Amino acid sequence: MDIWPLILLNGLTLGAVYFVASSGLTLIFGLMRVITLAHGTSFLFGGYLGYVAASVTGNWIVGLVAGLVAAGLLGLFTHQVLIRRFQDDDMRVALITLGVAVIGTDLMLAVFGGTATQVPFPQEFQVALQIPGIGDYPLIRLIILAIAVVLGLAIYLVIARTRFGSIVRAGVDDAPMTSATGVNVRVVFAVIFAVGSALAGLAGVISGTLFPLLPGQDGSYLLFSLVVVIVGGMGSIPGAAIGSVLVGVVSQFALVVAPTYAFVLTFALMVIVLAVRPQGIMGRPA
Amino acid sequence: MSSSKQTSAHSGTWKRWVTTQNVVVAVVIVLGVIFPLVVDRPRFWLPNIGVRTLWMGTIAMSLVFLNKYVGLLSLAQMTFAGICSYGIGYFSVTMGLPIIPSIILSLGVGSLAGYITALIAVRTKAIYFMMITLALSQVFYSWASQAIEVTNARRGIAPIPRPNLGFIDLNDITTFYYFALFLAVLSYVIFRYTAKSQFGLAIQGIKDSPERMSALGYNVNRYRTAALTLAAFVASIGGVILVFDRNQVDPSFVSLDSTLNILVVAVVGGIGSLGGVFIGGLVFALLQNFAQDFTDRYMTLTGLVFIGVLLFFPAGLVGLGPIIRRLFSKRAKTSASKASSDTPTVERRAGTHNKKGQHK
């Protein structure tokens, strides 16, 4: 039996989840030159709230929106209260968000416990789709793949084509100069930080639909997002897309080839990319 | 640094050593020495607070050294310590080597890990460096929790009893505490000595202006690699204390949580102060042991303390010293100028050259 197309498709859908999570991280880094280590916390927080909302209302879409909004608000709160004053000090921002992550991990363990939960989704999606060459494939995985592709295109178009996007791009290149032209960069920063966190929250809900939500995933998804962003090039949305697909596909193939060392092989990918191209695949030289 | 410059005007060899910094260090060492004599329940205090403070402090000190003198924030220090711990377990238990060669080999393996990490990460800067060391530390964690033939996967290697080294018997907890104290002080001396050596001045120059040092003919990356290897060596010393404290080694040693704990210790103690890490270690060990009595959420408490320190005392708890001194000292002016050079904050981004004047 030929399983490689199936593994490839699994890798792509996994890459879709990674992309949604890491696009938020790369947006935040691209504009603000800071790394938020609370990104995994936004991910898991969004996932749990999405789970609660979807369970209560019985509506998967409500769950998606709830996770998105909750994580966005968490990001906005973190930015406004804790890190706005230290925005130029990237190390301090990283460390403060790390503190947020430590607290978040602990509190989410206290509230949601250590057992696995899964976001419920509609009956009509719980079917298999016949794909030539592969056979039955869960429809929900394809829907999530589609969501990620649409989302990626939307982010790309917003940044490339709209006025807000051009402000963001200008801010990436030269924040003080953008500020001097009358743009309120502070507001842009706050919006980007909230949007980036919201994307992580959305990733949490869609990941929680495919796989169980567990404590500790905040750490592992933070790491996967970091790896994706390092591989793809910091601050680049196409880079995040390439990085996510690479990481997703490599980790799935590694699971088949060398199950014990799958995780190591995934990181080996990062080491190789760094050795050849320190700024990442789509990154610009620092 | 600045303190030695001020006092170098005085003649007399012993006076040169009587600086505020050295007096504080001496007091802290004396406190460390009398610690087993003054606590009420040595069987609780020595392992849970004393030894734990010492290994956390030693590992965190290697992180602080890199941050302060090289300008790199490495999140792999706990991993180097863990690699050394694994080495001791593997050489002495799995392979059955005598304990002293095992320790020496493991220190070498830990340093080698630092060297390899440096080769991968040395070209990157600041936040990139931090992320790559974090990712590499997770590579080792995932390997350690799966490589059953080397690390015995999740169960780890146990038991690793405290050995009788011949000249000292570490089975006795008080003896072991003094052994750990000796190693911690030794690590501190290594770093202090290195910082003042020609090599130390060169890396500080590189930290302030890599371009200028490069133009002067220094191979910037080679110096950074050497500093990282040295820091990995000291972290490995911490790993020696750690493995005999726990009497085993398992993947939790190198987990994300352990890595973050070391960072918390460094930041709370003071990320610009080599000795301050032991204050951070002490605070952390006390929190771990006693916060559980009144709350289950002691990690939340730790996180709050961590954020509080970052927001209000960026120089860490040792940063409080100069603040208090300034409040009470009549020579407010001199101590204030001294304080500013003694308490660097978390590393700022390139572009703001600090004016320590180390490179002449």
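The present account deals with the structure reproduced in this document.

Conventions used here
- Residues numbered from 1 in each chain as written.
- Chains lettered and ligands numbered in written order.
- Predicted model: local features only at pLDDT ≥ 70, side-chain atom pairs only at ≥ 80, totals over all residues.
- Heavy atoms only, no water.
- Helix = DSSP H or I, 4+ residues; strand = E, 2+ residues; numbered from the N terminus.
- Expected span 1.5 Å × (residues − 1).
- Buried < 20%, exposed > 50% of the residue type's maximum accessible area, 1.4 Å probe, protein only.
- Contact = heavy atoms within 4.5 Å.
- Buried area = accessible area lost by both parts, 1.4 Å probe.
- Salt bridge = Lys/Arg side-chain N within 4 Å of Asp/Glu carboxyl O.
- Polar contact = N/O pair within 3.5 Å; in protein donor to acceptor, adjacent residues only side chain to side chain.
- Phe/Tyr/Trp six-rings, centres within 6.5 Å; stacked < 30°, edge-to-face > 60°.

Now for helix H14 (residues 298-312) of chain B. Residue and element names in this part refer to chain B. When the terminal C-alpha atoms of H14 are compared, their 21 Å separation across 15 residues agrees well with the 21 Å that a helix rising 1.5 Å per residue should span. Where burial is concerned, most of H14 is hidden: eleven out of the 15 residues are buried. Burial in H14 covers these residues: Tyr298, Met299, Thr300, Thr302, Gly303, Phe306, Ile307, Gly308, Val309, Leu310 and Leu311.

On to the interface of chain A and chain B. Listed per partner, the contact involves 38 residues of chain A and 38 residues of chain B. Interface area, chain A with chain B, both sides summed: about 3,800 Å², of which 77% is carbon and sulfur. In terms of surface lost to chain B, no three residues of chain A exceed Met91(A), Arg92(A) and Leu95(A), which account for 17% of the buried area on that side. Linking chain A to chain B there are one salt bridge. The salt bridge partner of Arg297(B) is Asp106(A), with a shortest N-O separation of 3.1 Å. In this structure, the connection of chain A to chain B is made through three residue pairs in polar contact (both at pLDDT 80 or more). If you list the elements that add at least two residues to the side of chain A that touches chain B, you get helix H4 (90-112), helix H9 (217-232) and helix H11 (262-276) of chain A.

Turning our attention to the packing of aromatic side chains. Scanning all chains against the criterion turns up 20 aromatic pairs over all chains. Here Tyr18(A) and Phe224(A) contribute two aromatic rings whose centre-to-centre distance is 4.8 Å and whose plane-to-plane angle is 20°, an arrangement assigned as stacked. You can see Tyr18(A) sitting in helix H1 (residues 4-32) and its partner Phe224(A) sitting in helix H9, a full 206 residues away along the chain. Of the two residues examined, Tyr18(A) and Phe224(A), each falls in the buried class. Taking 6.5 Å as the distance between ring centres and 75° as the angle between the ring planes, the aromatic pair formed by Phe35(B) and Trp45(B) counts as edge-to-face. With Phe35(B) in helix H2 (residues 20-38) and Trp45(B) in helix H3 (residues 42-70), this pair connects stretches of sequence that are ten residues apart. Each member of the pair Phe35(B) and Trp45(B) is classed as buried. One aromatic cluster in this structure is built from Phe35(B), Phe44(B), Trp45(B), Tyr177(B), Tyr178(B) and Phe290(B).

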